[in-house]
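In case you want the letters, here they are:
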Amino acid sequence: MNIAMMLSGFLFLLIIIVLTLATSRFGYEIYSDLDSEALLQKINKDPKKFRIGVKLVIFEHIIIITLAIMMFIAFNSYNIILAVVWTISRAGEGTIQIYNKKSYFGLINLAKQYSGSSGAVKKGLIDNGLSILKSKNSVFSFAQILFSIGTLSYCILFIIYEVVPPIIGWLGLVAALIYLFGNGIRFVKPNFNALWNLGGLLIWIFELVLGGWLLFYPLF
């Protein structure tokens, strides 16, 4: 179990590193702005940068699926039901996001066509791009519901069985609830991001702390 715990901790930290690299270095937007024309122009200026950013995010989704399996191996002996909920939720989150990236990747071809078009054709390409961005955001929002459910299941396990220090489990529980609630509010009010951003920050802190604890605690 110690090896599975350490690998889980490493994967938590790797997810943070890869996603940070994709967003800060290669301009990937976790929740896309719906200005498709501006994005098509941006892709045309540096398609390689866009391509690398998307590939990094696909890699991050693969890591999420791997993490779900590794966490199941590490902790299913404490509570099989909670472990199964985590595994299905987080593996589902990663899978649907990977599938959706096929259409998002298609923006590269749209951008090429956009650069040499005009009039009604250009408007049609912009509308197609907007449709892809809306789909990406919708899939992301649904994936984050699965993420929250999965995170809640393991935080409950952590708290009940004291697998990790209680403060880590409670931090994750509060963060996941705020994130889930904030994500729900955005369905009704898309421009209200304050609660979602707060939840995202708390989730980032939680996963950083949890990842570090799982990686290094078994060594002592």
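Rules used in this analysis
- Residues numbered from 1 in each chain as written.
- Predicted model: local features only at pLDDT ≥ 70, side-chain atom pairs only at ≥ 80, totals over all residues.
- Heavy atoms only, no water.
- Helix = DSSP H or I, 4+ residues; strand = E, 2+ residues; numbered from the N terminus.
- Rg over C-alpha atoms; globule rule 2.2 N^0.38 Å.
- Buried < 20%, exposed > 50% of the residue type's maximum accessible area, 1.4 Å probe, protein only.
- Contact = heavy atoms within 4.5 Å.
- Areas by Shrake-Rupley, 256 points an atom, 1.4 Å probe, with all protein chains shown as cover.
- Lys, Arg positive; Asp, Glu negative; His and termini not counted.
- Charge placed at Lys NZ, Arg CZ, Asp CG, Glu CD.
- Salt bridge = Lys/Arg side-chain N within 4 Å of Asp/Glu carboxyl O.
- Patch = residues over 30% accessible without salt bridge, like charges linked within 9 Å, V, L, I, M, F, W, Y side chains within 5 Å.
- Phe/Tyr/Trp six-rings, centres within 6.5 Å; stacked < 30°, edge-to-face > 60°.
- Polar contact = N/O pair within 3.5 Å; in protein donor to acceptor, adjacent residues only side chain to side chain.

Looking at the overall build of the protein chain
A tally of helices and strands in the protein chain yields 8 helices and 0 strands. Order of helices (α) and strands (β) in the protein chain, N terminus to C terminus: α-α-α-α-α-α-α-α. Scaling as 2.2 N^0.38, a compact globule of 220 residues should have a C-alpha radius of gyration of about 17 Å, and the protein chain matches this with 19 Å. When its C-alpha atoms are laid out on the principal axes, the protein chain stretches across 65 × 35 × 25 Å. When burial is assessed residue by residue, the protein chain has 46% of its 220 residues classed as buried. Restricting to contacts in the protein chain with at least 6 residues of sequence separation, those with at least 24 account for 81%. Counting every atom, the protein chain has about 10,900 Å² of accessible surface; 70% of that belongs to carbon and sulfur. Separation between the mean location of the 17 positive side-chain charges and that of the 10 negative ones in the protein chain comes to 7 Å.

Topic: the pattern of salt bridges
Tallying each qualifying case throughout the model produces 3 salt bridges. For Arg-90, the salt bridge goes to Glu-207, with nearest N and O atoms at 3.7 Å. Remark: Glu-207 occurs in helix H8 (residues 194–216) and Arg-90 occurs in helix H4 (residues 80–105); sequence separation between them is 117 residues. A salt bridge links Asp-127 to Lys-123; its shortest N-O distance comes to 3.2 Å. One end of the pair, Asp-127, and the other, Lys-123, are both in helix H6 (residues 119–161), 4 residues apart, so they sit about a helical turn from each other. Residue Lys-123 is classed as exposed on the basis of its relative accessible area, which comes to 51%. Connected through shared salt-bridge partners, Arg-90, Glu-93 and Glu-207 make up one network.

A look at a nonpolar patch on the surface
On the surface, Ile-80, Ile-81, Val-84, Val-85, Ile-88 and Ile-149 cluster together into a nonpolar patch covering about 500 Å² of accessible area. Residue contributions to the nonpolar patch peak at 5 residues, all from H4. Considering the arrangement of structural elements, one finds Ile-149 in helix H6. Looking at Ile-149, the relative accessible area reads 35%, which means it is partly exposed.

Some remarks on the environment of Phe-187
Among the secondary structure elements, Phe-187 is positioned in helix H7 (residues 166–188). Separated by 46 residues in the primary sequence, Phe-187 and Ser-141 place their C-alpha atoms 8.3 Å from one another. Residue contacts for Phe-187: discarding those within four places in its chain leaves Ser-141 and Ile-145.

Some remarks on unusual backbone geometry
The phi torsion at Glu-162 lies on the positive side, around 50 degrees, for a residue other than glycine. The residue Glu-162 is located in the loop between H6 and H7 in this model. Taking the relative accessible area as the measure of exposure, Glu-162 reaches 60% and is therefore exposed.

Structural notes on the packing of aromatic side chains
Taken as a whole, this structure holds 15 aromatic pairs when the rule is applied. Relative to Tyr-78, the ring of Phe-75 has its centre 6.3 Å away and its plane inclined at 40 degrees; by these criteria the two rings are tilted. Given the relative accessible area of 30%, Tyr-78 is considered partly exposed. A ring pair is formed by Phe-140 and Trp-196, whose centres lie 6.2 Å apart and whose planes are at 85 degrees; its orientation type is edge-to-face. Of this pair, Phe-140 sits in helix H6 while Trp-196 sits in helix H8, placing them 56 residues apart in sequence.

Section: the environment of Ser-148
Mapping Ser-148 onto the fold places it in helix H6. In this view, Ser-148 contacts Ala-176, Tyr-179 and Leu-180; residues no more than four positions away in its chain are not counted. Polar side-chain contacts of Ser-148 include one of 2.9 Å to the backbone oxygen of Gln-144.

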